[in-house]
Amino acid sequence: MLTSLARRCIRAPRVVPIPQGRSLSASPATAAARAIVYSGNGNPSEVLSVLTFPDLPPPPTNTLNVQFLLSPINPADINVIEGVYPSKPKLNGNLTTSGLGSQQDPVFVGGNEGLARVSALGSGVEGLQEGDWVVMKTPQVGTWRTSANVKPGDVLKVPSADKLTPVQAATLVVNPPTAWNLLHDFVQLSEGDWVIQNGANSAVGQCVIQVAAAKGYKTINLVRNRSDLPILQQRLRELGATEVLTYDELAQDGIRDKIKSWTNGKDIKLGLNCVGGPDTTRMARFLGKDAHLVSYGAMSKAPLSLPTSLFIFKNLTSHGFWQSRWYADHSLEEQQSMLRTLTELMANGKLLAPDHEIASIRGSDSDEVASEHIRSMVEGITSGQYGKKVLLQFESDEA
Ligand SMILES: NC(=O)c1ccc[n+]([C@@H]2O[C@H](COP(=O)([O-])OP(=O)(O)OC[C@H]3O[C@@H](n4cnc5c(N)ncnc54)[C@H](OP(=O)(O)O)[C@@H]3O)[C@@H](O)[C@H]2O)c1
């Protein structure tokens, strides 16, 4: 296992920490219009390239131009590029007049989530102003780019933007709502109730820990073993984790008694799974009577197998959850109310930004060099060399 430091040293991208707070939006560090694009599905470390395109014209009526400030690279973005995710992006044939990105040679722009600043408003747009921070409401808009022309319905104005860091705002619409819904939509939990989750150090897992702690729920958090495990355990405890275990420890003799002593014999009511495979089967065996297991990811890519006895004798209920479906099934008011709740938690210091690195695409790099950089970065992410959320930032060519 690699330490976090070693992970970062391998194929290290150019990482430039950005100042936290509104200063980012006041002075966006972008000049040339660029996007990270692909023409067809495949391995992201082979099919992605960086494309420079002409600056956007002023926005037509009922549209607006936005300038992206930070765009996360989420596991689902990789799956979309691979062509194995249900959400599909639309082809862009209007970035250039000839070559890649033109009508003759259209491209997909990567990225689903991102923080953008409104840079120009077309006539007829209401409720938004230049300088506002917005996040994407329409899925698969293509956020790995400097700028885009979008419709007002594609974006949501960030509530309490002045109280959030850019990273909190850039990662607002996917992982925190997922964590909130996982904890609220399947079982009625009360203060002191127990939840067990795997992938606990993922961005979603970190949100689950914090939301649970804010509500008084107790969490058992499963992570992969690593050489710097005590540091990770300490970090998750600081976020509010009650207990942190590795999958190896969960497989050891005597662990059932240990968990029983933690919970004081209380049933664990909810299990959250973003990993799948045998480790999840094992986790499910620790759930109590009438418990619910909610699967929302499959990071190990291994199928989930559940013993029939859990359904017969413990009345287990097993669900799947997809935040995109939640957005499709809920009204704009419900979506805004959820984001307000989460931004209040953030503003009160109860929901911190995920552990992250900012990876810059340098303006002084040619498209070829920048393409190499992004491909090797994505390869590092998919092979687990980062150990934290990576967010993209396009730098100006003076950088
Ligand atoms: N259903 C939904 O609506 C929804 C919404 C958001 C996210 N998700 C899913 O939730 C998961 C986490 O997303 P995220 O953005 O929070 O991810 P993230 O921050 O990038 O973290 C990825 C996590 O996956 C773990 N992992 C990677 N490969 C693994 C393997 N082979 N076995 C066990 N663990 C492995 C990593 O552990 P290490 O640190 O040990 O590498 C890390 O904890 C993803 O599957 C994502 O698609 C689903």
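The rules behind these values
- Residues numbered from 1 in each chain as written.
- Predicted model: local features only at pLDDT ≥ 70, side-chain atom pairs only at ≥ 80, totals over all residues.
- Heavy atoms only, no water.
- Pairing = 2+ DSSP bridges.
- Helix = DSSP H or I, 4+ residues; strand = E, 2+ residues; numbered from the N terminus.
- Domains from an automatic or database assignment.
- Contact = heavy atoms within 4.5 Å.
- Buried area = accessible area lost by both parts, 1.4 Å probe.
- Salt bridge = Lys/Arg side-chain N within 4 Å of Asp/Glu carboxyl O.
- Polar contact = N/O pair within 3.5 Å; in protein donor to acceptor, adjacent residues only side chain to side chain.
- Nonpolar A, V, L, I, M, F, W, Y, C, P; charged D, E, K, R; others polar.
- Buried < 20%, exposed > 50% of the residue type's maximum accessible area, 1.4 Å probe, protein only.

A. Layout of the sheet that holds strand 1 (residues 33-38). Taken together, three strands build an open sheet; the order of strands is 2-1-4 and the sheet is antiparallel. Edge positions in the sheet fall to strand 2 (49-53) and strand 4 (108-109), since each has one partner strand and no second. Here five bridges tie strand 1 to strand 2, and the two strands are oriented antiparallel to one another. Each bridged residue has a counterpart across the sheet, and for Arg34 the counterpart in strand 2 is Thr52.

B. Region of interest: the domain arrangement of the chain. Segmenting the chain into domains produces domain 1 (4-162 + 355-394) and domain 2 (175-324). On a C-alpha basis, the centroid separation for the pair domain 1 and domain 2 is 32 Å. Each partner contributes residues to the interface: domain 1 has nine residues there, and domain 2 has eight residues. Carbon and sulfur atoms supply 35% of the area buried between domain 1 and domain 2, which totals about 760 Å² over both sides. In this assembly, domain 1 and domain 2 are joined by one salt bridge. Across the pair Arg235 and Asp355 runs a salt bridge, and its minimum N-O distance is 2.8 Å. Summed over the shared surface of domain 1 and domain 2, the number is three residue pairs in polar contact (both at pLDDT 80 or more). Among the residues forming the side of domain 1 that touches domain 2, the class breakdown is three nonpolar, three polar and three charged.

C. Representation of unusual backbone geometry. Even without being glycine, Asp290 reaches a positive phi, approximately 65°. With respect to the helices and strands, the residue Asp290 is situated in the loop between helix 11 (278-284) and strand 13 (292-295). For Asp290, a relative accessible area of 39% corresponds to the partly exposed category. Even without being glycine, Lys301 reaches a positive phi, approximately 65°. With respect to the helices and strands, the residue Lys301 is situated in the loop between strand 13 and helix 12 (308-314).

D. Region of interest: the environment of Glu82. Looking at the secondary structure, you find Glu82 in helix 4 (residues 75-82). Excluding its chain neighbours within four sequence positions, the residues that come into contact with Glu82 are Asn41, Gly42 and Pro44.

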